[in-house]
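Listed here are the chains, written in short residue letters.
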Amino acid sequence: MNKFYITTAIPYANADPHIGHALEILYADIMARYKRLIGNDVYFLTGTDEHGQKMFKAAVEAGKSVEEFAAEKSAKYLELADSWNITNDDFIRTTEDRHMNAAQKFWEESLKNGNIYKKDYSGLYCVGCEAYKTEKDLVDGKCSDHGTVPEIIKEENYFFRLSAFQEPLEFLFEQNKTFVYPQSRYNEMHNILKFGLEDVSISRSKEKLSWGVPVPGDDSQVMYVWFDALTNYVTALGYGSTENELFQKFWPADAHVIGKEINRFHSLLWPAMLMSVNLELPKQIAVHGWITVNGQKMSKTIGNVIDPLKVIENHPLEAVRYFLAREIPFDNDGDFSEEKFKDRFNADLANGLGNLTNRILTMVEKYCGGVVPKTSTEDGELIGKLTDDVWPTYLEKMEEFDFVHALEATWKFVAFCDHMISDRQPWAMAKAGKQNELEDLLYHLCESLRHIALMIWPVMPETAEKIFVQLGLDVGKELGKSLNDLRQWVELTVGNRIIKGDALFPRLE
RNA sequence: CGCGGGGUAGAGCAACCCGGCAGCUCGCGAGGCCCAUAACCUCGAGGUUCUCGGUUCAAAUCCGAGCCCCGCAACCA
């Protein structure tokens, strides 16, 4: 059995989650569920990043201790995962001992290998921003936010020898053209790489900032948040501890799912860090886009930030999951609006899948006494469409995080079934007493419905289960089988009594 | 000239690499059907393919110039 280790980025817990966080964890969840469906042994990690200056500042502003503030915010991300029906196996917080100890091990190992060194760093420090500025950040030599001239400050920091990994990284990019996905993001990183990498400061003096992982063997410094945060992908598996079975089994990661804004850290710095301690590299950095709202970038000032917990209070979770997967392309930005949601809901879920399910099951009730009929002939059209066209496309697109087109392929098949019903007119068969022909068609339609349910399983698990139940199938028993078995035709148990339920997705007006 | 993506019916996209009647989904209009959630099926309306110029029998597609959006570069998913 193939293992598959997938992670999300760990959101910076200085603010509440918004719909973009939900999108990322949803993408990862769909992939995790898909991989389980095709029979992989999946480990799925998410969590929160809780160190650093901004975190400290946010806590002070909220009038709370950092520990308390971090715990509160982190809990919201955990709640997001739970309420969105996310199947993560673990949730790591960078303030946990298991992480901090292991992050220090990672540092020590890198230091031992000669990849961390101490250097005087002097820079333009703005007291107001509590941050270093570059010449480019300044307007007339002054900080654009505070209008003050920054001080030149000299500080001794630890540096990571990123430049030493220039060639190995180039080799990596040459060898693995899909290391960063999609192509446009790969190109961006490859370009940056061509310009050459410089060593990066990876510590801060404790005087300025105490909220971080202490640098091993140096009381005066704490780690720079990114150096600390990135290691979560290995520390959560038990790297550096005696209990490291998960690490042995699942590392390297098969996919780090991240947002486009942190691509550099994951595609350049993180692989270099791993090389510096002689660990294997992740197979792929999968970079997704952003959600815009009514065509606008989400921002606090515009006031259009969408709370993912509110969204699922107002709409069914399954429908929201479907909308995002179907409407927001992984490799690009996509738009969310109530209007688009409603359109998509009515067209695809109510009129499409929901109505098709309903009409097939009603006919089984009416014409076959509520029992799935047996087939006497093979219906080449539906079988052929599924095996030659729909399944291959679906599988190919799912593998590439292209949920938009995987679902599009599935829904084309929904339309195909609708078309077939209109074309064959089973109601006319009933009137004409062509019972064999009628039963044959309905059998194949029930079976088609089962295949559709399988395809939507990663995105709408509860709806898929409902369809299985309505078809009289035992969900637990069916999911014990491999997808290759499940994808066989004539698998649906003939003679099952169907259990027609309420409409899956009542139309929105 | 820092690097890159894009401008195609009301909306969202495809076709561009490798020129050959401009296609899909939603929405809109008309008809059909009656198994179904006013659903489903069929047909139709709607485009100077950002602008200007060039190559060609033929340009959304190739070439040149320009305009406009957007991403990365910089601790926002």
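The shown structure was predicted, so the numbers you read here are calculated from the model rather than taken from an experiment.

## Details of the pattern of salt bridges
Applying the stated criterion across every chain, the model contains 27 salt bridges. Its salt-bridge partner being Asp90, residue Arg98 comes within 2.9 Å of it at the nearest N-O pair. Note on Asp90: relative accessible area 16%, which makes it buried. Taken together, the shared-partner salt bridges connect Lys3, Asp254 and Lys283 into one network.

## So, the confidence of the model for chain A
Summing up the model confidence of chain A, the mean pLDDT is 89 and the portion of residues at 70 or higher is 93%. With a pTM of 0.93, the predicted complex shows an ipTM of 0.89.

## Points about unusual backbone geometry
Omega for the peptide link from Tyr181 to Pro182 comes to 0°, which places this bond in the cis form. As for its placement among the helices and strands, Pro182 is situated in the loop between β9 (180–181) and α6 (183–194). Following Trp251, the chain continues to Pro252 via a peptide bond in cis, the omega torsion being 5°. Checked against the element boundaries, Pro252 lands in the loop between α9 (245–250) and β13 (255–259). Although it is not a glycine, Asn278 adopts a positive phi angle of roughly 60°. Mapped onto the fold, Asn278 is located in the loop between α10 (263–276) and β14 (285–288). The class of Asn278 is exposed, set by a relative accessible area of 61%. If you check the backbone angles, Gln425 has positive phi at about 50° while not being a glycine. Here Gln425 is to be found in the loop between α15 (403–424) and α16 (426–432).

## Here's the deal with the packing of aromatic side chains
Overall, the coordinates contain 32 aromatic pairs when judged by the stated rule. Ring centres 6.2 Å apart and planes at 75° place the aromatic pair Trp251 and Trp270 in the edge-to-face group. One end of the pair, Trp251, is in the loop between α9 and β13; the other, Trp270, is in helix α10, and 19 residues separate them in sequence. Trp270 shares its class with Trp251; the two are buried. Taking NZ or CZ as reference, Lys260 lies 4.9 Å from the ring centre of Trp290, over its face.

About the cut-offs
Residues numbered from 1 in each chain as written. Chains lettered and ligands numbered in written order. Predicted model: local features only at pLDDT ≥ 70, side-chain atom pairs only at ≥ 80, totals over all residues. Heavy atoms only, no water. Salt bridge = Lys/Arg side-chain N within 4 Å of Asp/Glu carboxyl O. Buried < 20%, exposed > 50% of the residue type's maximum accessible area, 1.4 Å probe, protein only. pLDDT = per-residue confidence, 0-100. Helix = DSSP H or I, 4+ residues; strand = E, 2+ residues; numbered from the N terminus. Phe/Tyr/Trp six-rings, centres within 6.5 Å; stacked < 30°, edge-to-face > 60°. Lys NZ or Arg CZ within 6 Å of the ring centre and 35° of its normal.

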